[in-house]
Amino acid sequence: MQHFPEIIARYEGWVCQKCNEPLVPGKTQLAYLGSVFDVELPVCPKCGMFIVPEELAMGKILEVEQVLEDK
Amino acid sequence: MEQKDLRRWEWLCIQEEPPLCQAACPIHVDVRLFTRHLAAGKVDEARKVLAKTMPLSGVLGRICDHPCENACRRADPEDGDEGIRIGSLERACVIQSDARPRSLPVPPKNFTAAVVGGGLSALTAAWDLGRKGVRVSLLVPEREIGGVLLAYPESVLPAEALARELELLKAMPVTIETDVAIDADRIQRLLDEHAGVYLGLDSLALSDIHVDLVFDIKALDPVSRSTGRPGLFAGAPLGSTPFSPIQAVLHGRQAALSIERTAQNVSLSASREKEGPFETRLFTSMADVEHAPATPMADPGGYTPEEARAEAARCIQCECKECVKVCPYLAHFKGYPKKYAREIYNNLSVVHGLRAANTMIESCSNCGLCAEVCPNDFHMGTLCLMARREMVRQDKMPASAFDFALRDLDFNVSSKATLAKPDPDTGACEWAFVPGCQLAGATPELVRATYDHLRAGLEGGVGLLMHCCGAPAEWAGRKDVLANVTESFRALWKELGEPKLVLACTTCLQTFADLLPEIPCTSLWEVLEPMDLPEGAGGEGVYTLHDPCTSRYLAAVQNSARTMAGRLGVTLRDADLTGVNTECCGFGGLMECANPAMATKVVERRTTDNPSPFLAYCAMCRDSLSRQGAPVVHMLDLLFPGLARNPEPASPNPLVRSGPGPADKHENRARLRAQLAKELWNEEQGPMEKYEEIELILEPEVQSAVDERRILAEDIRRAIAHAEETGRSMKHPESGRFLVSHQPAAVTYWVEYAPEPGGQAFRVYRAWSHRMILQGAQ
Ligand code: SF4
Ligand code: SF4
Ligand code: SF4
Ligand SMILES: [Zn+2]
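The rules behind these values
Residues numbered from 1 in each chain as written. Chains lettered and ligands numbered in written order. Predicted model: local features only at pLDDT ≥ 70, side-chain atom pairs only at ≥ 80, totals over all residues. Heavy atoms only, no water. Helix = DSSP H or I, 4+ residues; strand = E, 2+ residues; numbered from the N terminus. Rg over C-alpha atoms; globule rule 2.2 N^0.38 Å. Buried < 20%, exposed > 50% of the residue type's maximum accessible area, 1.4 Å probe, protein only. Contact = heavy atoms within 4.5 Å. Areas by Shrake-Rupley, 256 points an atom, 1.4 Å probe, with all protein chains shown as cover. Lys, Arg positive; Asp, Glu negative; His and termini not counted. Charge placed at Lys NZ, Arg CZ, Asp CG, Glu CD. Donors = N, O, S within 2.8 Å, 3.2 Å for Na, K, Ca; no water. Tetrahedral: all angles 85-135°; square planar, octahedral: opposite > 155°, others 65-115°. Pairing = 2+ DSSP bridges. Axes fitted to C-alpha atoms, helices over the stretch in contact; angles between N-to-C directions. Salt bridge = Lys/Arg side-chain N within 4 Å of Asp/Glu carboxyl O. Buried area = accessible area lost by both parts, 1.4 Å probe. Polar contact = N/O pair within 3.5 Å; in protein donor to acceptor, adjacent residues only side chain to side chain. Nonpolar A, V, L, I, M, F, W, Y, C, P; charged D, E, K, R; others polar. pLDDT = per-residue confidence, 0-100. Near = heavy atom within 4 Å. Core = buried A, V, L, I, M, F, W, Y, C linked by side-chain atoms within 4.5 Å. UniProt positions renumbered as here; feature names shortened; annotations may be inferred. Phe/Tyr/Trp six-rings, centres within 6.5 Å; stacked < 30°, edge-to-face > 60°.

Visitor: Pulling in residues and values, what's your account of the overall build of chain B?
Guide: A count of helical and extended segments in chain B gives 34 helices and 20 strands. In terms of overall dimensions, chain B is more spread out than a globule: its C-alpha atoms have a radius of gyration of 37 Å, far above the 28 Å expected for 778 residues. Counting all 778 residues of chain B, 56% fall into the buried class. In chain B, 72% of the contacts between residues at least 6 apart in sequence involve partners at least 24 apart. For chain B, the accessible surface area stands at approximately 33000 Å², while carbon and sulfur atoms represent 51% of it. Positive and negative side-chain charges of chain B, numbering 83 and 104 respectively, have mean locations separated by a distance of 5 Å.

Visitor: Could you give an account of the coordination of the zinc ion (ligand 4), with specific residues and numbers?
Guide: All names here are of chain A. Bound to the zinc ion (ligand 4) are the protein donor atoms Cys 16 (SG), Cys 19 (SG), Cys 44 (SG) and Cys 47 (SG), situated 2.3 to 2.4 Å from the metal. Each of the four donor atoms bound to the zinc ion (ligand 4) contributes to angles spanning 107 to 114°, and the resulting shape is tetrahedral. Within one chain, the residues serving as donors to the zinc ion (ligand 4) are arranged as C-x2-C-x24-C-x2-C. Here Cys 19, found in the loop between strand E1 (15-16) and strand E2 (24-32), pairs with Cys 47, found in the loop between strand E3 (35-43) and helix H2 (54-57); they are 28 residues apart in sequence, far enough to count as distant. Classification of Cys 19 by relative accessible area gives buried; the value is 18%.

Visitor: I'd like to hear about the sheet that holds strand E4 (residues 196-200) of chain B, residue by residue, with values.
Guide: Residues and elements named next belong to chain B. As summarised here, the arrangement of the five strands in space is E3-E2-E1-E4-E5, forming an open sheet in which the pairing is parallel. On the outer flanks of this sheet lie strand E3 (174-177) and strand E5 (232-235), each paired with one strand and no other. Here the average twist between neighbouring strands, direction ignored, is 20°. The sheet contact formed by E4 and E5 spans four bridges and is parallel. Bridge pairing links Tyr 198 to Phe 233 in E5.

Visitor: Help me get a handle on the pattern of salt bridges, residues and values and all.
Guide: Tallying each qualifying case throughout the model produces 57 salt bridges over all chains. Residue B:Glu322 is joined to B:Lys325 by a salt bridge in which the shortest nitrogen-to-oxygen separation is 2.6 Å. In this pair, B:Glu322 and B:Lys325 both sit in helix H14 (residues 322-326), three residues apart, roughly one turn of the helix. Its relative accessible area of 14% is what places B:Glu322 among the buried residues. When its relative accessible area of 43% is taken as the criterion, B:Lys325 is described as partly exposed. Each of A:Glu54, B:Arg709, B:Arg737, B:Glu752 and B:Arg766 takes part in a single network of salt bridges with overlapping partners.

Visitor: How would you sum up the pairing of strand E8 (residues 462-466) of chain B? Please name residues and give values.
Guide: Residue and element names in this part refer to chain B. Where burial is concerned, most of E8 is hidden: five out of the five residues are buried. Of the two faces of E8, the one holding Val 462, Leu 464 and Met 466 and the one holding Gly 463 and Leu 465 are both buried throughout. Both strand E6 (residues 419-421) and E8 contribute to a ladder of three bridges, which runs antiparallel. Bridge assignment links Lys 421 to a residue of E8, and that residue is Leu 464. Pairing of strand E7 (residues 431-434) with E8 involves three bridges; the strand directions are parallel. Along E8, the bridge assignment pairs Phe 433 with Leu 464.

Visitor: Explain the interface of chain B and chain A to me, using residue names and the numbers behind them.
Guide: Listed by partner, the interface residues are 33 residues for chain B and 36 residues for chain A. Taken over both partners, the interface formed by chain B and chain A buries close to 3300 Å², and the fraction arising from carbon and sulfur atoms is 59%. Counting every contact that joins chain B to chain A gives two salt bridges. Note that A:Glu54 is salt-bridged to B:Arg766, the shortest N-O span being 2.5 Å. Run the count over chain B and chain A and you get 13 residue pairs in polar contact (both at pLDDT 80 or more). Taken together, the elements giving at least two residues each to the side of chain B that touches chain A come down to helix H20 (399-412), strand E16 (730-732), strand E17 (737-742), strand E18 (748-755), strand E19 (761-770) and strand E20 (773-777) of chain B. With five residues, E20(B) is the largest single contributor of residues to the side of chain B that touches chain A. Here the side of chain B that touches chain A is built from residues that sort into 13 nonpolar, eleven polar and nine charged. Here E1(A) runs beside E16(B); their pairing, made up of two bridges, is antiparallel. Across the sheet, A:Cys16 pairs through a bridge with B:Met730, a residue of E16(B).

Visitor: Explain unusual backbone geometry residue by residue, including any values.
Guide: Trans is the prevailing form of peptide bonds, just as negative phi is the prevailing case for residues other than glycine. All names here are of chain B. Pro 613 follows Ser 612 through a cis peptide bond whose omega is -10°. Looking at the element boundaries, Pro 613 is found in the loop between helix H29 (596-609) and strand E13 (614-616). Even without glycine at this site, Glu 498 takes up a positive phi of about 55°. In this fold, Glu 498 is placed in the loop between helix H24 (479-495) and strand E9 (500-503). One non-glycine residue, Asn 682, adopts positive backbone phi at about 50°. With respect to the helices and strands, Asn 682 occurs in the loop between helix H32 (662-681) and strand E15 (695-698).

Visitor: Any chance you could break down the confidence of the model for chain B for me, citing the residues and the numbers?
Guide: Interpretation of the predicted coordinates at a detailed level should be avoided for regions scoring low in pLDDT. All names here are of chain B. Within chain B, residue pLDDT values average 93, and 97% of them lie at 70 or more. Taken together, the stretch residues 647-654 has pLDDT below 50 and engages in five contacts with residues farther than four places along the chain or on a different chain. The ipTM value of the predicted complex is 0.98, and its pTM value is 0.88.

Visitor: Explain the site of ligand 3 to me, and be specific about the residues and the numbers.
Guide: Looking at ligand 3, the residues that line it are B:Cys327, B:Tyr329, B:Leu330, B:Cys364, B:Ser365, B:Asn366, B:Cys367, B:Gly368, B:Leu369, B:Cys370, B:Met380 and B:Gly381. Counting residues per element, the ones that place at least two in the shell around ligand 3 are helix H15 (328-332), helix H18 (369-373) and helix H19 (380-393) of chain B.

Visitor: Can you tell me about the nonpolar core, naming the residues and giving the values?
Guide: Residues and elements named next belong to chain B. Counting residues in each nonpolar core, the largest one holds 122 residues, and the members touching the most others are Tyr 329, Met 380, Phe 433 and Leu 454. When residues of this core are assigned to their parent elements, the largest contribution, six residues, is made by H19. Beyond its immediate stretch of four places on either side in the chain, Leu 454 contacts Phe 433, Val 462, Val 502, Leu 524, Val 527, Leu 528 and Met 531. By size, the runner-up hydrophobic cluster in this structure holds 61 residues, among which are Cys 25, Ala 122, Leu 166 and Phe 233.

Visitor: Please provide a residue-by-residue account of the UniProt feature "domain: DUF7479" (unreviewed entry) in chain A, values included.
Guide: UniProt records the feature "domain: DUF7479" (unreviewed entry) at residues 13-71 of chain A, using the numbering of this structure. Secondary structure content for residues 13-71 of chain A is 24% helix and 34% strand, while the C-alpha to C-alpha distance between its ends is 39 Å.

Visitor: Which residues make up the packing of aromatic side chains, and what values go with them?
Guide: All names here are of chain B. Tallying each qualifying case throughout the model produces ten aromatic pairs over all chains. Consider the rings of Trp 525 and Tyr 617, whose centres lie 6.1 Å apart with planes at 80°: the pair is edge-to-face. Separated by 92 residues along the polypeptide, Trp 525 in helix H26 (residues 524-528) and Tyr 617 in the loop between E13 and helix H30 (619-625) bring together distant segments of the chain. Per residue, the accessibility class of Trp 525 equals that of Tyr 617, and both read buried. Centroid distance Trp 750 to Trp 768: 6.2 Å. Interplanar angle 10°. Geometry classified as stacked. Residue Trp 750 is located in strand E18, and its partner Trp 768 is located in strand E19; the two are separated by 18 residues in the primary sequence.

Spelled out as structure tokens, the structure:
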């Protein structure tokens, strides 16, 4: 599983609107073109909704997407 | 792409052909590399280049009769000056350096050869065979080795120089006997003992041997040097013409190869066209070459190191690369089309592994400038489009490459953006104005003004046809999408009663000429040319005219644009690349979509190589060229100066503005369509969808970040509407902001926003997207 503690820390204070639960770091799965990745992201402990932070989406995740697309 | 297609593409690009000097050199010395080293002062490296091809380089380098010099590009009587003095440079080099690569020991061959003679050609044959591990008996009829070489004065060819080369020869499996009596019997015995025998006739003692052996020296085979008698070869006869050292070397070399082929029992003549001088296909432009005569020699005995360096530097390092010189995209990948064709072919053949040429294939602007400047019309754009179609077929086109453009196209052929109506006043429709997606997206108000102007000036009724021409689908390699777009355009045109079309965009013009040839099309500029100018039209000042790349072969359109500019009162200056040689603005071929950084490079080059401000007559060119801040005006801005948006009174170019981002264009088209339908044809608008009513507020920095990420206002609205409906979102109590995600199709969008106090408006703080699919948390 990939950890990005500094990025997750920036999303402190966010709460799941539906469950009214503060988000906590938790294991999530992202998939693309047949590859599955385990990533630790801010997750609602009750319903499992999670955030894909901007810093990851436009950084690491974008890189991985591009590599997978060129295969 | 079949292998034979690759071969054909490769054949077209002649960049890898040898330069004229090398092709004219009977043994094809790499003169270009030689002079490059010399010019850099690397005499030892230069010497190694000679030694790689030359036998006895210390001898031949001093005396070669250099047929290369006359062939040199610089010696061309039409646009050249004086050929590089290659002979003198070689001489200087071998005098100034003794560096020769040590020939590596090779495994011995299973046959032997005999070489008869002491002259340069016999020595060459022995050298070539010995170097390859053939055991050679070198039989010299005279006491001294050298044949004709011995006649050179010491100042030209010192005995020491020959002795040095013979040392190298002796290090090979070559046994040398001197004072050998040669007659027909002896030759017969040699033929019995060896795979082949070479007679180097540049030994005085051998001048009559052909009489004994009954062969005609004039009838020797020019390629194999065969005497006609199996296994017996001869060359370098002394005759009426002065002795040519390089011919003697060539003959010895040809014979050595023939002996090898005889031993291996393979054809003596097959594929030997490139032995000896041949015609090269290389093209080299002299356009930017500064003329300069040959470097003079202070001492007629030869160049000093400094003189040699100067003369070598005069070599222009012949190559073609005409296309690479004018195309930043081609230059970016550090090669040339022949190399790229191979890379693309390999890319298409990859089963597992990295497709290293994807970016190259996706980034070409398909503008065709390469084909225009190429001596063989190599069109990289055609090659890339073909590769794109194949990638689509193989299902290997990266989704991200053209995704945005294809979504934009989808929208532009949807009922939200298309419109086909006859003249609102008369209902007739002899003409129809086709503004094109880009003009409608960038400056909807100019579409309206132009349409009104055309209606006032043309007889027979002017309708309006808003619909994509399909070019983005063609560029994305999507034949399927293209076919649909073409069909639906054709249907609308028929519905309007097959009017003559007036097109504001040359890309549309080009596309229809290819795909809908039955439709009569004229460019807006040609139609406007004879018409009166609208009230208040006109401008002033000097502009660099930018012809769109899709107008490359539309001289009539380009001329009309120039005439219009003149009528509008502005002075034009041509760009460095203009007319048939015009450059792409960076949008063509979806370059901007697949590779924004490349498009920026293209724009940078165009706008720094030419003085501002620019005058464009394509909406996309205008927006694209201005993205680096260059002032660019559209011809329609001069026609309708009253409509210029955000005029900046302080600016010397009050009509200038940079292009709106893609999000705005999308919106602009929909709004224009709705407005025209309502105002001109009294069409009632359908009910708005819920998300469409959402009003967004974006600070300029947010807007440009969102544009750069190609997130449309529509995507943001949908995400917010989705959250407001389902209540599924994250909130940040401290700041009062919300964070939502929405995945309408392949892409997931995230938006951070806050409702503005009281009302429909939402302030957007940031938005981003990814393609990875959320699988859920555990
Ligand atoms: S112009 Fe370009 S494609 Fe054409 S031969 Fe020269 S290098 Fe090759
Ligand atoms: S300019 Fe240089 S590379 Fe070109 S033909 Fe002459 S010597 Fe050869
Ligand atoms: S961008 Fe234009 S000039 Fe450059 S390779 Fe592509 S078609 Fe040729
Ligand atoms: Zn929850």
